[in-house]
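Examining the three-dimensional arrangement
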Amino acid sequence: LDYAHQLGGNLSVYTQMELQDMTEAQDAETVTVSFQDTTAQKQKTTVSAKLVVGADGINSTVRRLMRLPPAVVSDTTSIRGTVVIDHNNKSLRQKIDGSLIFSHQDTTLYLITIEKNQNVISWALSSKTTNLIDDEGVDATEKILMLLGYHERDDKSVEEKEKLELAAAVLRATDPENVVRAQNAVMDMSTGWGHRPHHPCATLVGDAAHACRPTDGQGGNMALEDCVVLCRAFAKHRNLSRNNVKELIQDFEQTRLPRVQRLHKDQSDRAQLPPGKWVSWTSEFVDWVHQGV
């Protein structure tokens, strides 16, 4: 946002605002968007634009106002966290090279190291234990370890014990402020976004458009790809008349839809694999993903 302010020009940044309504103007060339601030003043603001891009996540208000079907809650809960490596826990960084995966019954934990020159470990957990989302702090950490079979580690091999001890060290080193919990939800990619007709002056990016299972953490990647392809569409359709806006939206969504659907299906299929049956992507699929847009 600071960078957006620095750009100046014909750019306005509003914060602490909640979208209320979105209507097509009578001139059929613009869409009017109504906001209300979330402070005690409840002040209302109206903005007119030729195009609205909803990037407001899985519970997208823009999506609802476009009358598109909402996301459907899945049977899993996700928890994500990060550990910043310092002198107290620097040994953790040396023990994780790339990624480690832990699976036990209906729970899977992924530990991922970022670039070598960044002292950060990220972890993500997926579990069918739905009430996990309500746990906080240390209790949540201990519950995760229980779900991973940590307290039964004496019955495991030496290698499995070492991996569980490493998982426990990472989880316990995580600042509760760096933990995000979410109930997973998915969207049906056979309808809605990418399938015309719907609102002529609005489109969606990221989870608002195509929320998927977090099996391999592709949601963020797909959102960034959306932005790249949308920018290309803007460059191609510079004159934003009503017809051009429609063409821009159609160009963007139809370009993105096949790739999104393929990744979406892959994440859903892999989420259904039973514990211990998780397999790596084929080299062909890896190349296709890394090829990007």
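Residues numbered from 1 in each chain as written. Predicted model: local features only at pLDDT ≥ 70, side-chain atom pairs only at ≥ 80, totals over all residues. Heavy atoms only, no water.

Notes on the overall build of the protein
- From N to C terminus, the protein includes nine helices and ten strands.
- The contacts of the protein with a sequence gap of at least 6 include a subset with a gap of at least 24, amounting to 61%. (Helix = DSSP H or I, 4+ residues; strand = E, 2+ residues; numbered from the N terminus. Contact = heavy atoms within 4.5 Å.)

Some remarks on the pattern of salt bridges
- The final tally for this structure, using the stated rule, is five salt bridges.
- With a shortest N-O distance of 2.6 Å, Asp226 and Arg256 are connected by a salt bridge. One end of the pair, Asp226, is in helix H7 (residues 219-236); the other, Arg256, is in helix H8 (residues 242-271), with 30 residues separating them in the sequence. The residues Asp226 and Arg256 share a single accessibility class, namely buried.
- With a shortest N-O distance of 2.6 Å, Lys265 and Asp269 are connected by a salt bridge. Highlighted residues: Lys265 and Asp269, both in helix H8, separated by four residues, approximately one helical turn.
- A cluster of three or more residues bridged by salt bridges with shared partners is formed by Glu225, Asp226, Arg256 and Arg259. (Salt bridge = Lys/Arg side-chain N within 4 Å of Asp/Glu carboxyl O. Buried < 20%, exposed > 50% of the residue type's maximum accessible area, 1.4 Å probe, protein only.)

Digging into a nonpolar patch on the surface
- Taken together, Tyr3, Leu7 and Leu11 make up a surface patch of nonpolar side chains, about 340 Å² in accessible area.
- Within the secondary structure, Leu11 sits in the loop between helix H1 (2-7) and strand E1 (17-24).
- What makes Leu11 partly exposed here is its relative accessible area of 40%. (Patch = residues over 30% accessible without salt bridge, like charges linked within 9 Å, V, L, I, M, F, W, Y side chains within 5 Å. Areas by Shrake-Rupley, 256 points an atom, 1.4 Å probe, with all protein chains shown as cover.)

Concerning the nonpolar core
- With 34 residues, the main nonpolar core has Met22, Val52, Val62, Met66, Trp193, Leu204 and Phe252 as its most contacted residues.
- Mapped by element, the contributors of at least two residues to this core are E1, strand E2 (31-37), helix H2 (61-65), strand E10 (202-204), helix H6 (207-210), H7, H8 and helix H9 (283-291).
- No other element matches H8, which puts seven residues into this core. (Core = buried A, V, L, I, M, F, W, Y, C linked by side-chain atoms within 4.5 Å.)

Examining H7
- Taking 1.5 Å as the rise per residue, H7 with 18 residues should run 26 Å; its terminal C-alpha atoms sit 26 Å apart, in good agreement.
- Met222, Glu225, Asp226, Val229, Leu230 and Ala233 are the residues of H7 that are buried. One side of H7 holds all its buried residues, which, seen down the axis, span an arc of 140°. Relative to its buried face, H7 has exposed residues pointing more than 90 degrees away, namely Leu224 and Cys231. (Expected span 1.5 Å × (residues − 1). Arc of directions from axis to C-beta.)

So, the sheet that holds E1
- Spatially, three strands are ordered E1-E2-E3 in an open sheet, and the strand pairing comes out antiparallel. This sheet does not close on itself; its edge strands, each paired only once, are E1 and strand E3 (44-49). In this sheet, neighbouring strand axes are inclined to one another by 20° on average, regardless of whether the strands run parallel or antiparallel.
- Pairing between E2 and E3: six bridges, direction antiparallel. Paired with Val33 across the strands is Val47, a residue of E3. (Pairing = 2+ DSSP bridges. Axes fitted to C-alpha atoms, helices over the stretch in contact; angles between N-to-C directions.)

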